[in-house]
Amino acid sequence: MKSMTNIDSFGHVRGESLFIDDLDIKRNTLFALVFDSSKAHGKIKNLDISKAETIEGVIKIFTYKDIPGENQIGGILPDEPLLAENLVDYIGQPIAIIIAISEKIAKKAKAHIEIEIDELPIITGAKEAASQNQFINAPRTIKLGNTKKGFETSDFIFEGEVFTNGQEHLYLETQGAYAEPMENGNIKITSSTQGPTQVQKGVAKVLGIGMHKIEVDVIRLGGGFGGKEDQATPWAAMAALAAYRLRKPVKLILSRHDDLRMTGKRHPYESNFKIGLSKELKIMAFEVEFFQNSGAAADLSPAIAERTLFHATNSYFIPNVKTTVYSCKTNLPPNTAFRGFGGPQGMFVMEAAIAKVAHEIGVTSKEIQEINLFQEKDKTHYGQILTDVESRNSWNSAIKEFNYKKLYKDITSFNKKNKDFKKGIALMPICFGISFTNTPMNNARALVHVYQDGSIGISTGAVEMGQGVNTKLITIAAQSFSIAPEKIKIETTNTTRVANTSPSAASSTADLNGKALLKACLTIVKRLKNLAAKELKVNVQEISLHDELVYVKDKKSTLTWKVLIEKAMLERVALTENAHYATPIIHYNKTDEKGHPFAYHVFGTAILTSTVDCIRGTYTFDSIKIVHDYGKSMSKGIDLGQVEGALAQGIGWMTMEEIAYDKSGMLLSNALSTYKIPDIFSISEDINIKPLDTKGNEMAILKSKAVGEPPLMYGIGAYFAIQNAIKEFNPNYKMNFHTPMTPEKVLMGLYQN
Ligand code: MOS
C-alpha cells in the first residue's frame, strides 16, 4: 500500500485546522488568568484579593480555599497542590485564578492582588539539593556484574563530571483548556493535552466528583513534546473549577510568557561517571550517578529517572555496570517529560565518558564505540536480553554507505590546511527502548463504527500532536478493510468514547492504539467475510476484500463493499467493534531491578560533521548522515519528518537552547529573544537519512517501528563533532561536558590554556 499523505497537511497550511483558541466560544464565556508566585521559596504571610475582586468585570478570584475536592494534582506522588496554600516552592507557581468577562480585565485585576511572602532559602541546582538532602523520593540503582572487579581488570580508568541543561518544549500552541458546565453538574473540557484521562482524573479529584461526570475532548495539539503529558492538567483543572462553581463556560489559555515561566522543562542533570577499559578498548566497568533536577514536585520525575537508568549505557554492552539516580528537589517549576524522557540525559553521559577516554589515551571515540556496540542476545543491566539488534548493522551500514573513510580523510586534510576554521566529526549510535517503562501503562483501546453507507468512523486513545498518528491510524483501518482512506474519519480523542487511556507518549501511541484498532477492524472484517461467504455460497477461507470489492479465490465477485454493508444491515450483523490491546511479553520487577521492560528497541547511527569558525566561535554542520531503523515504515513521509524534527530538537538541546535561571530561581531565558531554538539554517543543508533494511518487528504496528523519540538522540553527536573541531584548534583544550555547546562556550574552549 502506498504511504498516505498526512491528513492534516491541507488544514494546516490553509489555517483551517482547529486548536482550542480557534473554537467558537459560547455566549457568557468567562476568561481565566493565573496569579502566580513571584518568589521561588517562601511562606505566604498574607494574600489580599479584595481590591482585585472589586474591579468591574471581575467575576471571582479563586484560591485553594474554593476547591471542593482535593487540592492535589500530583500524578506519581501526591506532592503538588493545584493552588499554593501556605507555601510557595517556585516562581510561576499558581496561587489564585482570576475569572473575568475579558482577558484584559483579568490582567488589570492581577496587578491589584497583594501578596506578602516570607522568603525561605532557595535551591536551584541538583547537586546543591542533594547536599542538603532535598530529594523527591529514594534514589534508585540498577546494576549488572561487579564494577569493583571490572575496574580491577581495567587498564585505563577515567572519571568525569557532566552537566546537561534543560530544554523548553516550545510547542507552538501554549497550554490551555475550555471548560463548559453541562446538565446535572457534569463538565465538558476541551483540552490541549497528551493525556485526556490524566486530565479527567485530575479534574475529578480537584472537584471531588466521579470521573464519569467529566468528559475530556482533544481535537489536536499544536505540539506537545512531553510538555503536555502531565502538565496540561492544572490549566484544565483551573478552568473546570471555575466553570463548575460559576456554571459558566471558562476559557484559560496561557500567554507565551506565562507558559514559559509556569511550566517545567526537560530535566537538567548533573552526573558523575567512572569508566574502565581494557587495552583492547573493551569497556570493562561503568559507574554513573545521575543528579536529576526535578524541580519543586515529583511530576513525572521518578519515571523519567527510570528511563535514564535504562539508557545509561546507550548502545554498548558493558559487563559491569552500576547506575544510580537521585531525583533532587529544587525551587524550579516541576520538570517534566520531554521527547526522550530521560533517555538523552543518560546517553549523553555514556558518550561523554567515551569521549573523555578517547581524548586521554589518544584514540578516536569511534574506535571505542565500535568495539563495544551491542550484539544479538546481549543482556542489558536491566536484565532484558536484546534481540533483533541492529547496532552493528546500522553502524557498519552508515560507515559504508556514507563513506566515512573519505569524510574522515577530507576533514583531516582540511584541518591541516586551515588555521581559522576547523572541522570535527562524530558518530552517534542510538538504542532506544520502546514501551512505557511502567508496564501497566502499555495498553490501549479502539472503537470502530462501520456506518450503513460503508463509511467508517474510528476513535482511539491516541492524541494527534503533529506527529501524524491520525494518518497512521487511518492507514491501518484503510488497509484492514481495503477501502479508500477518504471513507474513513478519525474522531477527536474523547474520554467518553475511549476510556482509561495512557497518555500519547513514550513513542508508543501508534503501536498501542494502532494494534487495538487493527484488532477491532479485523473482528469486523471477519464478520463481513462470513456474511459474504454465506451470500456467495463459498467457503469463508476463499473470501478476501480488495479495493472495495469482494474477491473469491482472488477473482472479483459481484459483491461490492457497499452492497456487503447493506446486506450486513439487513442480516443484523454488528458493524461496531471495541477492542483492547495490551503489549504481551513485557514485565519488570522493581525489587530486583530486572526484567523485560521493552517490546523492542529502535537502533540507528548518525555521522555528523561540523565546521567551527575559530575566530568567532560560531559553527555550522556540514552534513548529517543517518542510517535509521524504521522497521517496515507504513508512513514514509511522516516517519522521515519525525526523524528530521527529532534531530533538529536534539541538536537544539545540545548546541543553542540554553535555559537560564538566576540564583533567585527566576527564569532569565523567558522569551524567544533570550532562548534560541534552531531554525533550518542551524541544522545542515546536507541531511541524508537512509532507512536500514530490516525485517521489522512484530511488536510494532504493521512492523513499522516507533519513531517519535529515538532520533532526538542523534543530536548528541553535534556536541562531540564541535568538541572535536575545538580540539583540532587548541591543543590545550580541556575536555568538559557542559551542554549546550553555545558559541560563547566554543570561543572559551578555543582560547583556553
Ligand atoms: Mo513523551 S516525553 O514520553 O510525553
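Above this text you will find the structure in question.
Note that the structure is predicted; figures quoted are calculated from it, not measured.

Colleague: Even after reading the chapter, I still don't get the pairing of strand β15 (residues 320-329), so can you show me in this structure?
Modeller: Residues in a regular strand point their side chains to alternate faces of the sheet. Summarising burial for β15: eight of the 10 residues are buried, a large majority. With 10 bridges connecting them, strand β14 (residues 283-295) and β15 associate as parallel partners. Following the sheet pairing, N293 is matched in β15 by C328. Of the crossover connections in this fold, the one passing from β14 over helix α9 (residues 301-310) to the parallel β15 is right-handed.

Colleague: So what exactly am I meant to see when it comes to helix α13 (residues 404-417) here?
Modeller: Each α-helix winds once per 3.6 residues, and so residues spaced three or four apart point in a common direction. In a regular helix each residue adds 1.5 Å, so 14 residues correspond to 20 Å; α13 covers 20 Å between its end C-alpha atoms and thus fits that length. Every buried residue belonging to α13 is among Y404, L407, I411 and N415, and all of these are buried. Projected down its long axis, α13 carries its buried residues within an arc of 65 degrees, all on one side. In α13, the exposed positions angled more than 90 degrees off the buried face are occupied by K405, K409, K416 and K417. Against the buried residues of α13 lie α11 (365-372), α12 (391-401), β16 (421-434), β27 (600-613), β28 (619-628) and α18 (716-729).

Colleague: How do you make sense of α11 when you look at a structure like this?
Modeller: Every buried residue of α11 is accounted for by K366, I368, Q369 and N372. Down the axis of α11, the smallest arc covering the buried residues is 165 degrees, so these residues share one side. On its buried face, α11 sits against β13 (269-277), β14, α10 (343-361), α12, α13 and β16.

Colleague: I tried to follow the pairing of strand β5 (residues 94-100) on my own but got confused; where do I start?
Modeller: Burial of β5 is extensive: seven of the seven residues sit out of reach of the surface. Two strands pair when backbone bridges link them, and strand β1 (residues 30-36) and β5 are joined in this way by six bridges, in the antiparallel orientation. Across the sheet, V34 pairs through a bridge with I97, a residue of β5. Looking at chain direction, strand β3 (residues 58-62) and β5 are connected through four bridges and run antiparallel. The residue bridging K60 from the neighbouring strand is I99, located in β5.

The rules behind the values
- Residues numbered from 1 in each chain as written.
- Predicted model: local features only at pLDDT ≥ 70, side-chain atom pairs only at ≥ 80, totals over all residues.
- Heavy atoms only, no water.
- Buried < 20%, exposed > 50% of the residue type's maximum accessible area, 1.4 Å probe, protein only.
- Helix = DSSP H or I, 4+ residues; strand = E, 2+ residues; numbered from the N terminus.
- Pairing = 2+ DSSP bridges.
- Right-handed = clockwise from strand over helix to strand, strands pointing away.
- Expected span 1.5 Å × (residues − 1).
- Arc of directions from axis to C-beta.
- Contact = heavy atoms within 4.5 Å.

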